[in-house]
Amino acid sequence: MTGVIVTDIARTDAAIVDALGAHGVATVHEAMGRTGLVGAGLRPIQDGARVAGTAVTVLSWPADNLMIHAAVEQCRPGDVLVVTTVSPSVDGAFGELFGTALHARGVRGLVTTTGVRDVAELRELGFPVWSAAVNAQGTVKSTGGSVNVPVVVGGAVVHPGDVIVADDDGVLCVPRADAAAALAAADARVEKEAADRAAYQAGALSLDRKGLRQSLSDLGVVYMTQQEYDAR
């Protein structure tokens, strides 16, 4: 396997990235028409972390972390490193030393389809990670790959410079070209949910507020007393 390292990627505007991060994965996912999730296969190694950043992508050979070493040089403050392999591999390709180097460069976190190790040290460092596995199995540095090329992570295609949002709910990719529209839709959703929340706190029912009683009727769902049910 040979590859390429792209050095001059375009990144999403930082203000848009930060605003999307403030909304979080679930809100932005819904606002985007329920798209963009990488899937449930990547889980956080910590609780309570929420990050958003611009993607620096890595395509590596299984059980080989050479291209992660190469990618560190391409990372800037506000980035999120996104790592995957040409075929499935959950060996521990990333650990505390990588986390230290990236943290020092202002990188906001890691999203990887591989395994990670040194998780206690990564948590102590405060470097958030979403990974497919925790695995102490080591890797080699023997095969060329690529940095800053489009990659497939679970159910999402990630281009360098796209927005990555990650929190306890999972990981989301917002295409760079769609980021401003996604933010506007997320802002509108948050405003609507605030109104819903206030109504529910006042005792309203979602069945009525969302007009779902008619949906139940259309689907043939009926109300009956316990006596009526027992007599059927």
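See above for the structure.
Residues numbered from 1 in each chain as written. Predicted model: local features only at pLDDT ≥ 70, side-chain atom pairs only at ≥ 80, totals over all residues. Heavy atoms only, no water.

Colleague: Any chance you could explain the pattern of salt bridges here in plain terms?
Modeller: Pairs may arise between side chains of opposite charge once their charged atoms sit close together. The final tally for this structure, using the stated rule, is 9 salt bridges. Two residues, arginine 209 and aspartate 196, come together in a salt bridge whose shortest N-O distance is 2.4 Å. Of this pair, arginine 209 sits in helix α7 (residues 206-209) while aspartate 196 sits in helix α6 (residues 179-201), and the two are 13 residues apart along the sequence. Under the relative-accessibility criterion, arginine 209 is labelled partly exposed at 41%. The class for aspartate 196 is buried, based on a relative accessible area of 8%. (Salt bridge = Lys/Arg side-chain N within 4 Å of Asp/Glu carboxyl O. Helix = DSSP H or I, 4+ residues; strand = E, 2+ residues; numbered from the N terminus. Buried < 20%, exposed > 50% of the residue type's maximum accessible area, 1.4 Å probe, protein only.)

Colleague: Help me out: how do you make sense of the pairing of strand β10 (residues 163-167) in this one?
Modeller: With respect to burial, β10 is a largely interior element, 5 of its 5 residues being buried. With 4 bridges joining them, strand β2 (residues 51-60) and β10 adopt antiparallel strand pairing. Among the inter-strand pairings, glycine 53 is bridged to a residue of β10, identified as isoleucine 164. Linking two consecutive strands that pair antiparallel, namely β10 and strand β11 (residues 170-174), is a turn of 2 residues. (Pairing = 2+ DSSP bridges.)

Colleague: Explain the nonpolar core to me, please; I cannot follow it from the model alone.
Modeller: One recurring pattern in soluble globular proteins is that nonpolar side chains are buried together. Ranked by internal contacts, the top residues of the largest apolar core, which has 23 residues, are Ile68, Leu81, Phe94, Leu102, Leu110 and Phe127. Ranked by residue count, the leading element in this core is helix α3 (residues 66-72), at 4 residues. Beyond its immediate stretch of four places on either side in the chain, leucine 110 contacts Val80, Leu81, Val83, Phe94, Val116, Phe127, Pro128, Val129 and Trp130. (Core = buried A, V, L, I, M, F, W, Y, C linked by side-chain atoms within 4.5 Å. Contact = heavy atoms within 4.5 Å.)

Colleague: What is the right way to read helix α4 (residues 96-104) from this model?
Modeller: Quick reminder: α-helices carry 3.6 residues per turn. Residues three or four places apart thus point the same way. Among the residues of α4, those classed as buried are Phe98, Gly99 and Leu102. On an axial view of α4, the arc spanned by its buried residues comes to 100°, and they lie on one face. Turned more than 90 degrees from where α4 packs its buried face, Leu97 and Ala104 sit exposed. On the buried face of α4, the contacting elements are α3, β3 (79-85), β4 (92-94) and α5 (119-125). One or two residues past the end of α4 sits glycine 106, with phi positive at roughly 85°. (Arc of directions from axis to C-beta.)

Colleague: Sorry, what's going on with the packing of aromatic side chains here?
Modeller: Geometry of an aromatic ring pair is reported as the spacing of the ring centres plus the angle between the planes. Tallied over the full model, the rule gives 2 aromatic pairs. Ring geometry for phenylalanine 94 versus phenylalanine 98: centroids 5.4 Å apart, planes at 25°, classification stacked. Using a relative accessible area of 2% as the deciding quantity, one classes phenylalanine 94 as buried. Note on phenylalanine 94 and phenylalanine 127: the rings are 6.0 Å apart at their centroids and 15° apart in plane angle, and the pair reads as stacked. Taken together, the residues span a long stretch of sequence, with phenylalanine 94 in strand β4 and phenylalanine 127 in the loop between α5 and β6 (129-134) at a distance of 33 residues. Judged by its relative accessible area of 2%, phenylalanine 127 is buried. What links up through ring pairs into an aromatic cluster is the set Phe94, Phe98 and Phe127. (Phe/Tyr/Trp six-rings, centres within 6.5 Å; stacked < 30°, edge-to-face > 60°.)

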